[in-house]
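Observations on chain architecture
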Amino acid sequence: SSSPQAIRRSISSPDQMIDFAVGPTDFCPADFSFLRLPVARIGLIAGNGRFPFLALQGARSLGHDVTVVAVKEEAFPEMEGAARGAGADLHWVSLGHLGKCIKILKGAGARQALMAGQVKHAKIFSGIVPDLTLLSVLTKLRARNTDALISAVADVLRAEGIELLNSTAFLEPLLARAGVLGRRE
């Protein structure tokens, strides 16, 4: 079996698509559409766990510039070194400061963002002092649960010109594809 070819990239403008060369078909997934995202500045809102590190690595490996907004009370301190090593900007923001998060992302020119890592949402509903932006979100919630909160935050981001991406947008190569995973069917 031959080894896969090197990945070629040709990027001359932020709006250009990445062109990937692939190796033998037995090495490659059937659908490479996930690799055809526009190269852009991406915002990464980082909570705790390993997931934000994987999202950062995945976005950078696809050629995206990344601005990391790390939640002070949640994100691991090692995010600082990971961001520096990936050439990403990093900003620490307290939980509840949604307005500051948006200001940072807009200032960086991010038109898309993703949330990666756990944030204990119970803290958001009690125990923090929200800024006016988050307070506005919290007062409009019909239900006090994670889905309602993320949906409301996504609406605020969208209104500010920032699309919230699926948290696995840059992790497709790490995810299981449809079909049998083992030898048994």
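Every chain begins its residue count from 1, and numbering advances along the sequence as written. The model is predicted, so local features are restricted to residues of pLDDT at least 70 and side-chain atom pairs to those at 80 or more, both for listing and for counting; the totals for chains, interfaces and linings are taken over all residues. In computing side-chain values, all of the structure's heavy atoms are included and hydrogens and water are not.

**Examining the pattern of salt bridges**
Short version of the rule: Any Lys or Arg side-chain nitrogen located within 4 Å of an Asp or Glu carboxyl oxygen qualifies as a salt bridge. Here's how the labels work: a residue is buried when its accessible area is under 20% of the maximum for its type, exposed when over 50%, partly exposed in between, all with a 1.4 Å probe on protein chains only. Helix and strand definitions here come from DSSP, where helices need a minimum of 4 consecutive H or I residues and strands a minimum of 2 consecutive E residues; each element is numbered from the N-terminal end.
Using the criterion set out here, one finds 5 salt bridges in the structure. The salt bridge partner of D65 is R60, with a shortest N-O separation of 3.7 Å. We classify D65 as partly exposed; its relative accessible area is 39%. By relative accessible area, which is 27% here, R60 ends up partly exposed. A salt bridge links K120 to E74; its shortest N-O distance comes to 3.8 Å. Within this pair, whereas K120 is found in the loop between β4 (112-116) and α4 (121-125), its partner E74 is found in the loop between β2 (65-71) and α2 (79-86), the two being separated by 46 residues in sequence.

**Some thoughts on the packing of aromatic side chains**
The criterion, for reference: Between rings of Phe, Tyr and Trp, where Trp is taken as its six-membered ring, a pair exists when centres lie within 6.5 Å; planes separated by under 30 degrees are stacked, by over 60 edge-to-face, and by other angles tilted.
Within this structure, the stated rule accounts for 1 aromatic pair. Between F53 and F76, the aromatic rings sit 6.4 Å apart at their centres with planes inclined by 35°, giving tilted as the arrangement. Pair noted here: F53 is in helix α1 (residues 51-61) and F76 is in the loop between β2 and α2, with a separation of 23 residues, a long-range link. Taking the relative accessible area as the measure of exposure, F76 reaches 36% and is therefore partly exposed.

**Quick word on α2**
Which entries qualify depends on this criterion: When we speak of the arc, we mean the arc of directions from the helix axis to the C-beta atoms. Only heavy atoms matter for contacts: two residues are in contact if any of them lie within 4.5 Å across the pair.
Here α2 has its buried residues at M79, A83 and A86. Buried residues along α2 cover an arc of 70° about the axis, so they all sit on one side. Residues R84 and G85 are exposed on α2 and point more than 90 degrees away from its buried face. Buried-residue contacts for α2 involve β1 (41-46), α1, β2 and β3 (89-93).

**Some points on the nonpolar core**
Defined as follows: For the purposes of this section, nonpolar cores are sets of buried Ala, Val, Leu, Ile, Met, Phe, Trp, Tyr and Cys residues that join through side-chain atoms within 4.5 Å.
The biggest cluster of nonpolar side chains holds 24 residues, and the ones touching the most others in it are L105, I124 and L149. Those elements giving two or more residues to this core turn out to be β2, α3 (98-108), α5 (132-140) and α6 (146-159). The contact partners of I124, leaving out residues within four places of it in the chain, are L95, V119, L134, L138 and L149. In terms of nonpolar packing, the next biggest core, distinct from the first, is built from 22 residues, L44, V68, M79 and A169 among them.

**Quick look at the confidence of the model for the chain**
Test applied: Confidence of the prediction at every residue is given by pLDDT, a number between 0 and 100.
Of all residues in the chain, 78% attain a pLDDT of 70 or more, and the chain-wide mean is 80. Segment residues 1-36: pLDDT under 50, and 50 contacts once partners within four positions in sequence are set aside and those in other chains are kept.

**Remarks on the packing of α1 against α2**
The condition that has to hold: Fitted lines through C-alpha atoms give the axes, limited to the stretch in contact for helices. The angle between two N-to-C directions lies from 0 to 180 degrees. Note on angle classes: values under 35 degrees are labelled roughly parallel, values over 145 roughly antiparallel, values of 65 to 115 roughly perpendicular, and the remainder oblique. Classes in brief: Ala, Val, Leu, Ile, Met, Phe, Trp, Tyr, Cys and Pro nonpolar; Asp, Glu, Lys and Arg charged; the others, Gly included, polar.
At a minimum axis distance of 11 Å, the contact between α1 and α2 shows a crossing angle of 5°. One way to sum up the angle between α1 and α2 is to call them roughly parallel. The segment α1 lies against α2, with P52, F53, L56 and R60 engaging M79, A82, A83 and A86. Of the residues belonging to the contact of α1 with α2, the class tally is 7 nonpolar, no polar and 1 charged.

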